[in-house]
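If you want the building blocks of each chain, they are given just below.
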Amino acid sequence: MARILVDMDGVLCNLLGKWLTAYNREYQDTLEPNALKTWGPHRYARAGKAVYKYLSQPGFFRDLEPLPHAVDSVRTLVDDDHDIVIVTSAKNGHKEKIEWVREHLPFLPQENIVFAHRKALVRGDVLFDDAPHNLEAFQPYGLSVAMAYRYNEGVDCPRVPDWPGFLELIRARFPAPVYR
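The text that follows walks through the structure, step by step, so that each part is easy to find. (Residues numbered from 1 in each chain as written. Predicted model: local features only at pLDDT ≥ 70, side-chain atom pairs only at ≥ 80, totals over all residues. Heavy atoms only, no water.)

Moving on, we get to the sheet that holds strand S3 (residues 113–115). Taken in spatial order, the 6 strands make up an open sheet running S3-S2-S1-S4-S5-S6, and their pairing is parallel. Strands with a single pairing partner mark the edges of an open sheet, and in this sheet they are S3 and strand S6 (159–160). Alignment of strand S1 (residues 3–6) against strand S4 (residues 126–129), held across 3 bridges, turns out to be parallel. Within S4, the residue paired with valine 6 across the bridge is phenylalanine 128. (Pairing = 2+ DSSP bridges. Helix = DSSP H or I, 4+ residues; strand = E, 2+ residues; numbered from the N terminus.)

Quick look at the nonpolar core now. Counting residues in hydrophobic clusters, the biggest one holds 45 residues, and the most contacted among them are Ile4, Leu12, Ile86, Trp163 and Phe166. Those elements that place two or more of their residues in this core are S1, helix H1 (15–27), helix H2 (70–79), strand S2 (83–88), helix H3 (94–104), S4, strand S5 (143–147) and helix H5 (163–173). Of the residues forming this core, the biggest block, 6 residues, is contributed by H1. In contact with isoleucine 4, not counting residues within four places along its chain, are Leu77, His82, Asp83, Ile84, Val85, Val126, Phe166 and Ile170. By size, the runner-up hydrophobic cluster in this structure holds 7 residues, among which are Val85, Val87, Ala116 and Val122. (Core = buried A, V, L, I, M, F, W, Y, C linked by side-chain atoms within 4.5 Å. Buried < 20%, exposed > 50% of the residue type's maximum accessible area, 1.4 Å probe, protein only. Contact = heavy atoms within 4.5 Å.)

All chains considered together, the criterion is met by 12 salt bridges. Through salt bridges that share partners, Arg62, Lys95, Glu99 and Glu103 make up one connected network. (Salt bridge = Lys/Arg side-chain N within 4 Å of Asp/Glu carboxyl O.)

Locating asparagine 24 in the fold gives a position in helix H1. From its side chain, asparagine 24 meets the backbone nitrogen of threonine 30 in a polar contact 3.5 Å long. If we skip the residues at most four places from it in the chain, asparagine 24 touches Asp29, Thr30 and Leu31. (Polar contact = N/O pair within 3.5 Å; in protein donor to acceptor, adjacent residues only side chain to side chain.)

What follows deals with unusual backbone geometry. Despite not being glycine, glutamine 28 has its phi angle at roughly 50°, a positive value. In this fold, glutamine 28 is placed in the loop between H1 and H2. The class of glutamine 28 is exposed, set by a relative accessible area of 58%. Residues other than glycine seldom take positive phi values, yet histidine 69 does so here, at roughly 70°. Following the sequence through the fold, histidine 69 ends up in the loop between H1 and H2.

Listed as buried for H3 are Glu96, Lys97, Ile98, Trp100, Val101 and His104. For H3, the elements touching its buried residues are H2, S2 and S3.

Per the counting criterion, the structure on display carries 8 aromatic pairs. With a centroid separation of 5.0 Å and an interplanar angle of 80°, the aromatic rings of phenylalanine 128 and tryptophan 163 are classed as edge-to-face. Of this pair, phenylalanine 128 sits in strand S4 while tryptophan 163 is found in helix H5, placing the two residues 35 residues apart along the sequence. Exposure class is identical for phenylalanine 128 and tryptophan 163. Each is buried. Considering the side-chain rings of phenylalanine 128 and phenylalanine 166, the 3.9 Å spacing of their centres and the 0° angle between planes classify their relative orientation as stacked. (Phe/Tyr/Trp six-rings, centres within 6.5 Å; stacked < 30°, edge-to-face > 60°.)

So, about the pairing of S1. Of the strand pairs in this sheet, S1 and S2 are connected by 4 bridges, and their pairing is parallel. Residue pairing for S2: leucine 5 is matched across the bridge by valine 85.

The next point concerns the layout of surface pockets. The space that makes up the largest pocket amounts to roughly 710 Å³. Residue lining of the largest pocket: 27 residues in total, with Leu15, Trp19, Trp39, Leu55 and Ser89 positioned closest to the centre. Mapped onto the lining of the largest pocket, the elements with two or more residues apiece are H1 and helix H4 (132–138). Looking at the lining of the largest pocket, the element that brings in the most residues is H1, giving 3 residues. Looking at the lining of the largest pocket residue by residue, the class counts come to 12 nonpolar, 9 polar and 6 charged. (1 Å grid on protein atoms, 1.4 Å probe; cavity = no way out; pocket = protein on both sides within 12 Å on 5 of 7 lines; lining within 4 Å. Points joined across faces, edges and corners; volume = space filled by probe spheres on them. Nonpolar A, V, L, I, M, F, W, Y, C, P; charged D, E, K, R; others polar.)

Bear in mind that shape data such as this cannot, by itself, settle questions of function.
Set out below in structure tokens:
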């Protein structure tokens, strides 16, 4: 059994889809996730740091769409006896993120949601994240696994394109015990 720390935005749910759609609509820009070669969308947005204002809007995080296979995969990891802890960063939207987890992952106890800007401070065996700074900071403490995006290609850690790929990696690294 492993304690697996799972990020929300960009790993469990599709943050960039909603975020860039709202930004592009308001600023008549064409910013797309694949255009983000490094962390920080403001570097690529015509409106600069104005791109971040959406993250402070009430309700923004509440209705993000789960990424494909995310919910079923988390359920499978729980069924495989792993300890799943949602570790997410938020300046705003704490209540919305808790509500999101309650709706989409009702089988996880609320105590398994941790808000942390410095995710490496949370104890776990694995961190599944997309932010380069989180992945790098966690490496001395456990296995960092990147949800593969262009902006985190430079991080030296295992990369997976999706949740099925993550499940395969976890099952290879942490095989289920055989009971006799």
